[in-house]
Amino acid sequence: MNIIITAGGTSERIDDVRTITNSSTGRLGFTIGTVLAEQYGRQIETIDYLHGLRAAYPVHAKIQPVAIEGVLDLQRELQRLLTTEKIDAVIHAMAVSDYLVHEVTTLDRIRGTEDPENKADLSGNKISSEIDDLVIHMKKSPKVISKIKMWNPAVKLVGFKLLSNVPHEELIDVGHHLLEKNSCDFVLANDLAEISKDYHWGYLIHKDKTYDTMETNEEIAGMIAKKILASV
């Protein structure tokens, strides 16, 4: 059995030294990879572990780490693996950027009030820190999760949905909508208000909208592993 895990957060470049990213640590993906490799290694041939640049990855003979920077890097690597390799399951835990950097400009340039004799220099590998009104124009990034079953219809797919401080019913509804929209087999829904260093409440939603409830990263990882291995 061959599995892909995505974990951590993507980063989108503003210039060669600045990026826009998110706060994902990749801790849950790390735990899932560790549990799969250490407890179910006999059933698994390879785990391709696609991780954000700031996220740690489990060190294990079964795990092949692949560093991912931006959304387009993630899309390219997933498409390559899913169309050229035998992949049985994708556990898509990565926090993917919703927007890409389209261009960098200034407020004066947008308004048409820029002094032609004193134009802001936006060229080069590092944008000058002397610019007072830098504007970053972003555009919607592709929804990578929506393409996974297009690239490989037979693959088992676990999606993830994180919300913040919402009613429990809404969390389940939104998670199940994600499942249906992207043809997921399961979706792990969680609320930021129910996550700390000591606990992590998670709800693994099934196609019929029933769900399993877990209280720690380890329990979440174990449940996902069991469900995936049983369904392939």
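All values derive from a computational prediction rather than experimental measurement.

Conventions adopted
- Each chain has its residues counted from 1, following the order in which its sequence is written.
- For this predicted model, a pLDDT threshold of at least 70 governs which residues receive local features, and a threshold of 80 or more governs which side-chain atom pairs are given and counted, while totals over whole chains, interfaces and linings are taken from all residues.
- Side-chain calculation: all heavy atoms of the structure are included, whereas hydrogens and water are not.
- Here a strand is any run of E in DSSP of at least two residues, a helix any run of H or I of at least four, and the numbering for each starts at the N terminus.
- In this scheme, a residue with accessible area under 20% of its type's maximum is buried, one over 50% is exposed, and one in between is partly exposed, where area comes from a 1.4 Å probe on protein chains only.
- Should any heavy atoms of two residues lie within 4.5 Å, those residues are counted as being in contact.
- Each Phe, Tyr or Trp ring (for Trp, its six-membered ring) is paired with any other whose centre lies within 6.5 Å, and the angle between the two planes then decides the class: stacked below 30 degrees, edge-to-face above 60, tilted in between.
- We treat two strands as partners when DSSP finds at least two bridges between them.
- To define axes, lines are fitted to C-alpha atoms, for helices over the stretch in contact only, and angles between the resulting N-to-C directions are given on a 0 to 180 degree scale.
- Any angle between 65 and 115 degrees counts as roughly perpendicular, while under 35 counts as roughly parallel, over 145 as roughly antiparallel, and the rest as oblique.
- Here a crossing is taken to be left-handed if its near helix is turned anticlockwise relative to the far helix by less than a right angle, and right-handed if that turn runs clockwise.
- Throughout this entry, Asp, Glu, Lys and Arg are counted as charged residues, while Ala, Val, Leu, Ile, Met, Phe, Trp, Tyr, Cys and Pro are counted as nonpolar. The remaining residues, Gly among them, count as polar.
- Side-chain atoms within 4.5 Å are what join buried Ala, Val, Leu, Ile, Met, Phe, Trp, Tyr and Cys residues into a set we call a nonpolar core.

## So, the overall build of the protein
Next up, step 1: A count of helices and strands for the protein gives 6 helices and 12 strands.
Next up, step 2: When its C-alpha atoms are laid out on the principal axes, the protein stretches across 70 × 40 × 35 Å.
Next up, step 3: A buried classification covers 46% of the 232 residues belonging to the protein.
Next up, step 4: Considering only contacts in the protein between residues 6 or more positions apart, those separated by 24 or more positions represent 65%.

## Digging into the packing of aromatic side chains
Next up, step 1: Tallied over the entire structure, the rule returns 1 aromatic pair.
Next up, step 2: Plain terms: the ring middles of Tyr203 and Tyr211 are 5.9 Å apart, the flat faces sit at 90 degrees to each other, and that makes the pair edge-to-face.

## Remarks on the sheet that holds strand 6 (residues 89-92)
In a beta sheet, neighbouring strands are held together by backbone hydrogen bonds and run either parallel or antiparallel to one another.
Next up, step 1: Spatially, 8 strands are ordered 5-4-1-6-9-10-11-12 in an open sheet, and the strand pairing comes out mixed. Each end of this open sheet is capped by a strand with a single partner; those strands are strand 5 (63-68) and strand 12 (211-214). This sheet shows a mean twist of 15 degrees between the axes of neighbouring strands, independent of strand direction.
Next up, step 2: In terms of strand pairing, strand 4 (residues 46-52) meets strand 5 through 6 bridges, oriented parallel. Counted as the bridge partner of Tyr49 is Pro65 from strand 5.
Next up, step 3: Here helix 1 (residues 27-39) sits on the sheet and contacts strand 1 (2-7), strand 4, strand 5, strand 6, strand 9 (156-163) and strand 10 (186-191); the angle it forms with strand 1, its principal contact strand, is near 160 degrees.

## Re the packing of helix 1 against helix 6 (residues 217-231)
Next up, step 1: Where helix 1 contacts helix 6, the two axes come as close as 9 Å, and the packing angle between them is 55 degrees. In terms of their interaxial angle, helix 1 and helix 6 are classed as oblique. The handedness of the crossing between helix 1 and helix 6 comes out as right-handed. Contacts from Arg27, Leu28, Thr31, Ile32, Val35 and Leu36 of helix 1 reach helix 6 at Asn217, Glu218, Ile220, Ala221, Gly222, Ile224 and Ala225.
Next up, step 2: For the contact of helix 1 with helix 6, the class distribution of residues is 8 nonpolar, 3 polar and 2 charged.

## Observations concerning the nonpolar core
Next up, step 1: Ile3, Ile32, Leu36, Ile91, Phe160 and Ile224 are the most contacted members of the largest nonpolar core, which has 29 residues in total.
Next up, step 2: Mapped onto this core, the elements with two or more residues apiece are strand 1, helix 1, strand 4, strand 6, strand 9, strand 10 and helix 6.
Next up, step 3: Broken down by element, the residue count for this core peaks at 6 residues, all from helix 6.
Next up, step 4: Residues within four places of Leu36 in sequence aside, it is in contact with Ile3, Ile5, Gly41, Ile44, Ile47, Ile91 and Ala225.
Next up, step 5: Counting residues in each nonpolar core, the second largest holds 22 residues, with Ile87, Ile148, Leu178 and Cys184 among its members.

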